[in-house]
Amino acid sequence: MLLKLAWRNIFRNKRRSLITVSSIIFAVLFAVFMRSLQYGAYGNMLKNIVSSYMGYVQIHSKGFWEEKTLDNSFSLSEIEQLKKQEGISYLSPRIEGFALVSFSETSKPVAILGVDPALEKEHIKLDQKVVEGNYFSDTKKGLLIGKGVKEIMKLSIGDTLVFLGQGYQGSMASGAYPIVGVIDLKTPELNKRTVVMTLEQAQELFALPDRVTTAVVGLYHDDWQDAQQETVAAIDTNMLEVMNWQEMLPELRQLISIDRAGGTFVLLILYSIITFSLFGTVLMLTEERSFEYGVLIAIGMEKNKVIIVAVLETIIMAIAGVVAGLFVAFPFVLYFNINPINLSGQMQEVVERFGFEALIPTSLDPSIATTHAGIIFVIVLVVNIYTLQKIKNLNPIKAMRK
Amino acid sequence: MIQASNIHKTYNDGKVKVHALRGIDVEIKEGEFTAIVGPSGSGKTTLLNIVGGLDTPTLGEVHISDTNIAQLSENELIDFRLNHIGFVFQSYNLIPVLTAKENVEFLMLLQKRDEEERNERTTKLLKAVGLEDQINKKPNEMSGGQQQRVAVARALASKPDFVLADEPTANLDSKSTANLLDIMLRLNEEENITFVFSTHDQRVIDRAKRVITVEDGKILSDETR
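1. Thoughts on the overall build of chain A
Then, number 1: Across its full length, chain A carries 14 helices and 14 strands.
Then, number 2: For 402 residues, the compact-globule estimate of 2.2 N^0.38 gives 21 Å, and chain A exceeds it by more than 25% at 30 Å.
Then, number 3: Of all 402 residues assigned to chain A, the portion counted as buried reaches 50%.
Then, number 4: Each charge class in chain A was averaged separately, 37 positive and 39 negative side chains, and the resulting centres sit 18 Å apart.

2. Some points on the sheet that holds strand β7 (residues 162-166) of chain B
Residues and elements named next belong to chain B.
Then, number 1: The strand order β6-β7-β8-β3-β9-β10 describes an open sheet built from six strands, whose pairing is mixed. The open sheet is flanked by β6 (85-88) and β10 (218-224), the only strands paired with a single partner. Averaged over all neighbouring strand pairs, the angle between strand axes comes to 15°, with direction disregarded.
Then, number 2: The pairing of strand β3 (residues 33-37) with strand β8 (residues 194-199) spans five bridges and is parallel. Paired with Val37 across the two strands is Thr199, which belongs to β8.
Then, number 3: Strand contacts of helix α5 (residues 144-157): β6 and β7, with the helix running at about 170° to β6, the strand carrying the most contacts.

3. Some remarks on the pattern of salt bridges
Then, number 1: Tallied over the entire structure, the rule returns 26 salt bridges over all chains.
Then, number 2: A salt bridge links Asp182(B) to Arg207(B); its shortest N-O distance comes to 2.5 Å. Placement of Asp182(B) in helix α6 (residues 174-191) and of Arg207(B) in helix α7 (residues 202-207) is noted, with a sequence separation of 25 residues between them.
Then, number 3: Residue classification places Arg207(B) among the partly exposed positions, given a relative accessible area of 31%.
Then, number 4: A cluster of three or more residues bridged by salt bridges with shared partners is formed by Arg12(A), Arg289(A), Glu292(A) and Glu313(A).

4. Topic: the nonpolar core
Then, number 1: By size, the foremost hydrophobic cluster in this structure holds 67 residues, and its most contacted members are Ile59(A) and Phe163(A).
Then, number 2: Summarising the domain contributions, this core has at least three residues from each of domain 1 (2-50 + 252-401) and domain 2 (57-221) of chain A.
Then, number 3: Judged by nonpolar contacts, the second largest core, of 53 residues, contains Leu394(A), Leu77(B), Leu107(B) and Leu110(B).

Criteria and cut-off values
- Residues numbered from 1 in each chain as written.
- Chains lettered and ligands numbered in written order.
- Predicted model: local features only at pLDDT ≥ 70, side-chain atom pairs only at ≥ 80, totals over all residues.
- Heavy atoms only, no water.
- Helix = DSSP H or I, 4+ residues; strand = E, 2+ residues; numbered from the N terminus.
- Rg over C-alpha atoms; globule rule 2.2 N^0.38 Å.
- Buried < 20%, exposed > 50% of the residue type's maximum accessible area, 1.4 Å probe, protein only.
- Lys, Arg positive; Asp, Glu negative; His and termini not counted.
- Charge placed at Lys NZ, Arg CZ, Asp CG, Glu CD.
- Pairing = 2+ DSSP bridges.
- Axes fitted to C-alpha atoms, helices over the stretch in contact; angles between N-to-C directions.
- Contact = heavy atoms within 4.5 Å.
- Salt bridge = Lys/Arg side-chain N within 4 Å of Asp/Glu carboxyl O.
- Core = buried A, V, L, I, M, F, W, Y, C linked by side-chain atoms within 4.5 Å.
- Domains from an automatic or database assignment.

Okay, here's the thing in structure tokens:
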């Protein structure tokens, strides 16, 4: 009977119920969309820099990250046993070095990345980053250059770059390789300084036979904390170091932390506004209905039962509002996931200066929706404490006099 | 049955103290059809509220069926009202989302009476007030007179010791008033139901069997016809 009463009360004053449900829908839509945008931006940063370039976890010779010299390299046989670990899907060996490249009358220092073409193609999808020319093949060895390098040095496919630098154990590194493709690493800073060659070519250039500077640890899922622990447990940590993306890119981690804190603050403000707005609605509805509550109590309905009816009404409207809010939010979130917001003008410059792509897609992580829908549901219930308190203290005579 | 002794009620209206009732003694027996009359502000509604356990006296005691209602806790009082007192209000105050049948049945549901008894009593009461063909109508689909008759049926549904009616005809036209009074009198005579109502409607006063006149918070006269 109480449920029937609550249900019918909702439909009695449709406009009133619509106002309440609409305010909940708006709250859910705004909170979910805002957070999806924020998490989407982080996701994109991680995708661009971590999952499609650095990997979540890397293995280096101890001290390499502090002093990036080729002398801090290691043999792949030292990490062979890792391939048998459960959470690790692959190990991609790399050589990371530096050299001066020259073409015609232009010279530029670049970061050289020697990679296993097949592994990088399969796992990092390096081939998909080729925007001009071709990816490596058995017959086409050469260089993939960042599109920034191409623009700065005014290069074309087929041009040959001359390398000059320092190789393993103080040897001279020199060589000349043709450009086979141009890649877009989605990060302007990387594009301006990256030249990719095959591992074989890099070993030859730097006189580093059978050695690498880096091994990217491929994961079956994004749980890099577990993978890092697994890796540490399986290798000789006196000789090698295992680093996660947060350790390798502390500025990115800090940026995300600061932005997340800022987002949380904005969200708190938003939730405060939502809370006061919902409280205003509840205040209005409670005052409007105190006469009715007074009558029910006067004729013999226990206050607890009146409270149950009021709570049921709130719960039904909150569920309707939250579910509808999620339905309304989903197309927006999906649209901006497929068509990310493209920053332009000063915003674009600022973001690119930090080395990130000026795109903000929304995140489709369902936990964002459930978390914020849940928070708003709780807010709705909390603001209704006023109604419950009002009913608890209601004097039927005074209520009916109004 | 109802015994109110030395009832005083004082309100604080801002800085001014208002003495609504100044020592009322009244006894109402089972089967009476009593009108409490008086001009506006005389204290008749306050007296009715105190007798009905909706308000508490500043001084004095109200005994209903040997229970001193002043000693009951809030929840006990609500429960007492549910099981012992029926209410009819000036503006009907039916539950707008429920049909006539559901409104009458409502108090019996609160009393946890079984379905068969509820159906039987609801049908009987709606028939008694002449609304057996309106059972599925909601209050906004009925006239004021019809709504007040549903309110009478609702007041009787819980099998109360007596029915308190505050200006029950104030919003009714003369035809509806006469109709309602006929029903209430018939229930009083045939089923020995006790009615106590406040009114200043002469049509009601004329048909009451006992008239208690209140003025300035005191009983001015008590006439049994």
